[in-house]
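What follows is the residue order along each chain.
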Amino acid sequence: MIMSNWLPLFILMTSFLTGIAIFFLREENHSTRSFLNIFNAVLKIFLVGLLMWGVFNGHVYEFRFPLFLGFDIVLNADSLSLLFVCLSAILWLLTTIYAIGYLKGTSNQSRFFGFFSLCVSATTGIALAGNLFTLLVFYEFLTLTTYPLVVHKGTKEAVKAGRVYLMYTLLGGAVLFFAMVWLSSLAGPADFTERGILSSVATEYHPQIIIIFFLLILGFGVKAALVPLHGWLPKAMVAPAPVSALLHAVAVVKAGAFGIIRVVYDLYGIEFCQQLKILQGLAIMAAITIIYGSIRALFQDDLKRRLAYSTVSQVSYIILGVAAIGPIATIGGIVHLVHQGIMKITLFFCAGNLAEGMNISRISEMNGVGRHMPWTMGAFTIAALGMIGVPPMAGFISKWYLGMGALQSSQLWIVLVLLLSSLLNAAYFLPIIYAAWFKDSKEVSFQGLTTKWTQNRRYLLYPPLVTAGLTLLMGIFAGLPFSPLGWVKLITLREYGH
Amino acid sequence: MIFLLSNKLFWLILVFAPLLVACAFLVPRWRPGLTLLAPWMALPAFLMAVFVKSGSSIRIPWLLLDAQFGMDATAKVFLFFTALIWLIAGVYAVFYLSDKDKKSRFFVYYLFAMCGNIGLILAQDVISFYFFFALMSFASYGLVVHSKTKSAHHAGKVYICLVILGEAFIFSSLVMAVHLTGNIYLSHLPASIVGSPMRDIIIGLALLGFGIKAGALPFHVWLPLAHPVAPTPASAILSGSMINAGLLGWLRILPLGESAFPQWGILVIGLGLLAAFYGVFVGLTQSNAKTVLAYSSISQMGMMTIIVGLGLLVPDLWPGCWAVLMVYAAHHALAKGALFLSVGTAATKISVPLLRYLRNFGLLLPALAIIGAPFTSGALAKGSLKYVMSSVSYHYQWAYLVKWLISGAAIGTTFIMARFLWLVWPKKIEKEKEVSVKLGVYLSWGLMLGMVGLLPVLTQVQEFIKLPGKETFTFLKWSALWPLVVGGVITWVALTRRWKNSFCIPEGDVLTVYTRVLTLCQSAILVFVRFINERKEELSTSLIELRHRITSQSKHIDHFAQNFGSWKVFGVMFLTLFITFFLLLPFN
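Residues numbered from 1 in each chain as written. Chains lettered and ligands numbered in written order. Predicted model: local features only at pLDDT ≥ 70, side-chain atom pairs only at ≥ 80, totals over all residues. Heavy atoms only, no water.

Side note on the overall build of chain A
The following threshold applies: Secondary structure elements follow DSSP: runs of H or I of four or more residues count as helices, runs of E of two or more count as strands, with numbering from the N terminus. Atoms considered for the radius of gyration are the C-alpha atoms alone. The globule rule reads 2.2 Å times the number of residues to the power 0.38. Throughout, exposure labels follow a simple rule: accessible area from a 1.4 Å probe, protein chains only, divided by the maximum for the residue type, with under 20% read as buried, over 50% as exposed, and the rest as partly exposed. Contact between two residues is taken to exist if any of their heavy atoms lie within 4.5 Å; hydrogens are not considered. The method behind every accessible area is Shrake-Rupley, applied with a 1.4 Å probe, and residues are considered shielded solely by the protein chains displayed. Lys and Arg are tallied as positive, Asp and Glu as negative. Neither His nor the chain termini are counted. Lysine's charge is taken at NZ, arginine's at CZ, aspartate's at CG and glutamate's at CD.
Helix and strand counts for chain A stand at 21 helices and two strands. The C-alpha atoms of chain A give a radius of gyration of 21 Å, which matches the 23 Å a tight globule of 498 residues would have. When the 498 residues of chain A are sorted by exposure, 65% land in the buried category. Taking as baseline every contact in chain A between residues at least 6 positions apart, the subset at least 24 positions apart corresponds to 80%. Accessible surface, chain A as shown: approximately 16,600 Å² in total, 67% of it carbon and sulfur. On chain A, the mean spot of the 31 positive side-chain charges and the mean spot of the 19 negative ones are 8 Å from each other.

Here is the structure:
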């Protein structure tokens, strides 16, 4: 079926064309823009569902567009890419709804939503990329489309943060590009394949292959915010809340993590990585990032900054799961890609709501907010407990599998890192929950919620409630075959081939 | 009945009904009705404990990671007294709490914690056990800080810190145990731990993690803070039923009766003995009745810890030890629950003399039970514990000494109960302070007292537990009287001679040491952070200087630096890089 091979491209185009079309819309054309956004987001979810159904039934979707020198643009749908596409499609819809409410009454909305859609299409491209070259093209595209979103507010601080962001990510991209060219000269341009492609490279090239591996990790590590490449992330917090939400949950940070997953599993292959003994270094890097991010988060009073450092820490759970060799750790790592995304987007939505509804951006101002914004803080509480790894939230499932995986590969120290990290997570999330629900706000007189909040309450409240609900459901029904855990088990089965 | 038990929906409703009711509290109109309904959510569980035979279980593959619920012998006993305390304390709370807003808030936390407590007893797999344990622990935070006073917040803070620490220990011990077992069924864990090199880590972590909940030394510090500040019915729940969740955790994970672990056994027995005396000693210096009771709980949990230690030491005796432990747990839970509830009924005005005598008898009964006076459940529990100790002394000579020490602890218990009674006993001087209490409070308290009185008979009739040896009717023995008599005489002497107690240990005793150590660590970290920040500032100022020097030297560089982040420059640079690499490619 020729049509079916075009399906990945269609999915990519739903957000890409939406973005282009929005650029041509006039600023005040709110309803058309919103309709276009939401219609296409729903359409995309529908198409992704179609794709998922096909892949589950064993169809192979591959769109190939030859460029030059054997470099092709390849979009293909395997089980891993579907996981990421699905996450980005669902979160795109929710974030769009949220952003419509959030940006109501502000200027430059066409620019915002245009780049927003382009950014999502870049993420989709990264997910569907069938080889390193395609992945890289979309990776750079993502950098360029997120920059205008980071500097959207146009303040001095925003422009400065944007510059830092660009410097980090473009340098990362350049390193990646270099690594790709080097790798292609050794192994030729090859598509991602389950269980890897590089094991056939002659032994004398192995030292080079190892260097390339670390260059690739360096390149992707910038976006995945591996310490010490994380500097841009807390600065990028100046972006509007929906941007931060998407950035942390699925777009930029996850693109880095996803890249590392692709490199380890589908480029090198887990068995080959084991043979080269290169994963231990990655695991240590991830562990340092986890602990460092959590410790930095402890000392932040700005809510979004604390969440940002929490992301630094949590995204490395994914990398730790990948680096701790073994199918169970892999399950834990990859499933955290979804779980962390859902939980973190909830937290950022809530942080945005607090800023919109009560002009609160600092934790020290949050005393007693639970009484005024109970739904928002309810969603926040669920997601924060999930981050700590309290059952039945989704975060617990990740933590459990990571712990089991660490033991399976007899690396007891990883369990220790997990424990220390959950203790630190508790240390920086529980005080927020405590302040919101149990502290009295006597010293601050409450002037009522802002009019903007009361007018746009639905747009701003439903997305975090949905994601908080998903956080619960993904944990409670983790045993179902179509839960993220079920799907990740399918992926892992294919990566390990037994 | 069999149909019901094989029906998943039945088990799900049984376990999760409290959660549904708690969610229904979201509708303000329903709240008054729901507060009346809430306590009765424990009734189905109680009926189940009475009527369902052990052995029935059900698997629910789509819930969590393949959940399994079921009833076994241990669960039956624990469910019996746990559900009973929740039910009675709940009814008590309906009448006892006055403020309406606060009441519905109380019952939301109450229902969540109840769901956790009942669920963890019925859970047969590790994941749901851990889930319900966490649910109970986190929800009862709301009960602890209910009064919102400063001391309540302080107690809550200490409580939640230890909960988090406990969760971490429990998580790691469970992960390791499941890794060894290969599946998540609780019943498979103990046997598979035995042969593994990791067993000592698992046992140690389980002892620590569940020990926090059970108030074992040295993590007992939260008990004397949290139990007294909670509203009286919540104290009864915390000290009566929830504390036993820690004990249940030990029973579920530790390889009791599987193989001998002499080192662990002796350590646990030692810690138990220490707690038994330590609780009495510190408790005697307290001047708040509820704090005295909390320390008594530490002491009594120490007794139960000794029995767990015996299981680790002499596996052959475990069936007997198990039975003693069941009786002891049920006895202590009900009696301690009744004692806490009596705090709310003691200082009240009763004009009818007969009723007043009845009330005073009600204050005495559970205290006598805890001491182990003849005809009470305490006599049954302590008598059979001594019987087991005699069997242990065939294996270990020093068990005789332990037996005597236990008797010594019983005298101490007499002191501490006397101290409690002295503190709550209605005094004539405080007549103005007397408050009238609703009838429902008395009735529920009376019901609890009735259960305390009936327990020794119930255990025999129902054949819940087969106690070892001929000691079944120990509770009739008059020889159980001597600790009471000795303790009573000394107390009487102390009172008549007016021995003044000027010695007072703050609530939470060693907690002050812990906090001091923590503050020291914290200030050390802060000093370190400040040091780093200073270095960082120095570095950044020198960097800025450097940049100024460079920019001032050349206008071109200045211009470039300004436009470095701009679109065009970067775009062009990147494109050039891109093209250069591609041009280089063929040469490779």
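Let us keep going from here.
Describing the interface of chain A and chain B
Applicable threshold: By buried area we mean how much accessible surface two parts lose on assembly, using a 1.4 Å probe and totalling the loss over both. When a carboxyl oxygen of Asp or Glu lies within 4 Å of a side-chain nitrogen of Lys or Arg, that pair is called a salt bridge. Throughout this description, a polar contact denotes any pair of N or O atoms lying within 3.5 Å of each other; where both atoms belong to protein, one of them has to be capable of donating a hydrogen while the other can accept it, and for residues adjacent in sequence the pair is counted only when both atoms sit in side chains. The residue classification treats Ala, Val, Leu, Ile, Met, Phe, Trp, Tyr, Cys and Pro as nonpolar and Asp, Glu, Lys and Arg as charged. All others, Gly included, are polar.
Contacts between the two partners involve 50 residues from chain A and, on the opposite side, 48 residues from chain B. A per-residue breakdown of the area chain A buries against chain B is headed by Phe 177, Trp 400 and Phe 438 of chain A, which together make up 17% of the total. Run the count over chain A and chain B and you get zero salt bridges. In this assembly, chain A and chain B are joined by four residue pairs in polar contact (both at pLDDT 80 or more). A class-by-class count of the residues in the side of chain A that touches chain B yields 39 nonpolar, five polar and six charged.

Some details on the packing of aromatic side chains
Pairs of aromatic rings are described using the distance from one ring centre to the other and the angle between the two planes. Applicable threshold: The aromatic pairing rule takes the rings of Phe, Tyr and Trp, using the six-membered ring of Trp, and pairs them if the centres are within 6.5 Å, calling planes under 30 degrees apart stacked, those over 60 edge-to-face and the rest tilted. Only when the NZ of Lys or the CZ of Arg is both within 6 Å of the ring centre and within 35 degrees of the ring normal is a charge said to sit over the ring.
Under the definition given, this model contains 42 aromatic pairs over all chains. Aromatic side chains Tyr 268 of chain A and Phe 272 of chain A sit 6.3 Å apart centroid to centroid with 25° between the ring planes, which places their arrangement in the stacked category. Considered together, Tyr 268 of chain A and Phe 272 of chain A belong to a single accessibility category, that of buried residues. For the cation-ring pair, Lys 223 of chain A lies above Tyr 139 of chain A, with the distance from its terminal atom to the ring centre recorded as 3.7 Å. One cation-aromatic arrangement involves Lys 399 of chain A over Phe 171 of chain B; the distance from NZ or CZ to the ring centre is 4.5 Å.

Concerning helix α21 (residues 484-496) of chain A
An α-helical segment advances 3.6 residues per turn. Residues three or four places apart therefore align on the same side. The criterion, for reference: Expected span of a helix: the number of residues minus one, times 1.5 Å.
For α21 of chain A, built from 13 residues, the straight-helix expectation of 18 Å at 1.5 Å per residue is met to within 8% by its first-to-last C-alpha distance of 18 Å. Of all the residues in α21 of chain A, the buried ones are Pro 484, Leu 485, Gly 486, Trp 487, Val 488, Ile 491, Thr 492, Glu 495 and Tyr 496 of chain A.

Description of a positive patch on the surface
How we decide: The residues that make up patches have over 30% relative accessible area and no salt bridge, and they are joined within 9 Å when like-charged or within 5 Å when they are Val, Leu, Ile, Met, Phe, Trp or Tyr.
Together, Lys 156, Lys 160 and Lys 235 of chain A together with Lys 536 and Arg 547 of chain B make up a region of like positive charge exposed at the surface. Looking at the secondary structure, you find Arg 547 of chain B in helix α21 (residues 511-553). A relative accessible area of 56% means that Arg 547 of chain B is categorised as exposed.

Quick notes on unusual backbone geometry
A cis amide bond links Val 227 of chain A with the next residue in sequence, Pro 228 of chain A, at an omega value of 10°. Tracing the backbone shows Pro 228 of chain A in the loop between α7 (206-223) and α8 (232-235). Following Pro 391 of chain A, the chain continues into Pro 392 of chain A via a peptide bond in cis, with omega recorded as 5°. Its identity as a non-glycine residue notwithstanding, Arg 195 of chain A has a phi of 75°, on the positive side. Locating Arg 195 of chain A in the fold gives a position in the loop between α6 (156-187) and α7. When its relative accessible area of 40% is taken as the criterion, Arg 195 of chain A is described as partly exposed. In this structure, Leu 64 of chain B is a non-glycine residue whose phi angle is positive, near 50°. As for its placement among the helices and strands, Leu 64 of chain B is situated in the loop between β1 (57-60) and β2 (67-70).

Notes on the nonpolar core
The following threshold applies: By nonpolar core is meant a set of buried Ala, Val, Leu, Ile, Met, Phe, Trp, Tyr and Cys residues that side-chain atoms within 4.5 Å join together.
Tyr 268 and Trp 400 of chain A together with Phe 69 of chain B are the most contacted members of the largest nonpolar core, which has 399 residues in total. No other element matches the 19 residues that helix α15 (residues 318-346) of chain B contributes to this core.

Things to note about empty space enclosed by the protein
Keep this limit in mind: Cavities and pockets were defined on a 1 Å grid built from protein atoms only: a cavity is a group of points that admits a 1.4 Å probe but offers it no way out, a pocket is an open group of points flanked by protein on both sides within 12 Å along at least five of seven lines, and a lining residue is one with an atom within 4 Å of any such point. Grid points are joined across faces, edges and corners, and a volume is the space filled by probe spheres set on the points.
Summed over the entire model, instances satisfying the criterion amount to three cavities of 30 Å³ or more. Looking at the largest cavity, its volume works out to about 120 Å³. Looking at the largest cavity, it is lined by 14 residues, and the ones nearest its centre are Ile 388, Lys 399 and Ser 422 of chain A together with Ile 164 and Glu 167 of chain B. Those elements that place two or more of their residues in the lining of the largest cavity are α18 (412-438) of chain A together with α7 (126-144) and α8 (150-181) of chain B. Among the residues forming the lining of the largest cavity, the class breakdown is ten nonpolar, two polar and two charged. The volume enclosed by the second largest cavity comes to roughly 50 Å³. Lining of the second largest cavity is provided by Phe 133, Ser 137, Val 163, Gly 166, Glu 167, Ile 170, Gly 209, Ile 212 and Lys 213 of chain B. Elements with a minimum of two residues in the lining of the second largest cavity: α7, α8 and α10 (199-214) of chain B. With four residues, α8 of chain B is the single largest residue contributor to the lining of the second largest cavity.

Considering the pairing of β1 of chain B
Residue and element names in this part refer to chain B. Note the cut-off: Being paired, for any two strands, means DSSP has found at least two bridges between them.
Of the two faces of β1, only one is covered, namely that formed by Ile 58 and Ile 60; the face formed by Ser 57 and Arg 59 stays uncovered. Here β1 runs beside β2; their pairing, made up of four bridges, is antiparallel. Of the residues in β2, the one forming a bridge with Ile 58 is Phe 69. The antiparallel hairpin formed by β1 and β2 contains six residues in its connecting segment, where Leu 64 sits at a positive phi of about 50°.

Points about a nonpolar patch on the surface
All names here are of chain A. A contiguous nonpolar patch, built from Phe 35, Phe 39, Leu 43, Phe 46 and Leu 50 and spanning about 510 Å² of accessible area, is present on the exposed surface. Following the sequence through the fold, Leu 50 ends up in helix α2 (residues 30-56). Judged by its relative accessible area of 40%, Leu 50 falls in the partly exposed class.

So, the side chain of Gln 411 of chain A
Here Gln 411 of chain A is to be found in the loop between α17 (394-408) and α18. With residues near it in sequence (within four places) discarded, Gln 411 of chain A still touches Gln 280, Ala 324, Ile 325 and Ala 406 of chain A.

Looking at the pattern of salt bridges
Residue and element names in this part refer to chain A. According to the stated counting rule, one finds ten salt bridges over all chains in the structure shown. Between Arg 64 and Asp 191 there is a salt bridge, with the nearest N and O atoms lying 2.3 Å from each other. In this pair, Arg 64 is assigned in strand β1 (residues 61-68) and Asp 191 in the loop between α6 and α7, connecting sequence segments 127 residues apart. One salt bridge in this structure joins Arg 195 and Glu 271, with 3.5 Å as the shortest N-O distance.

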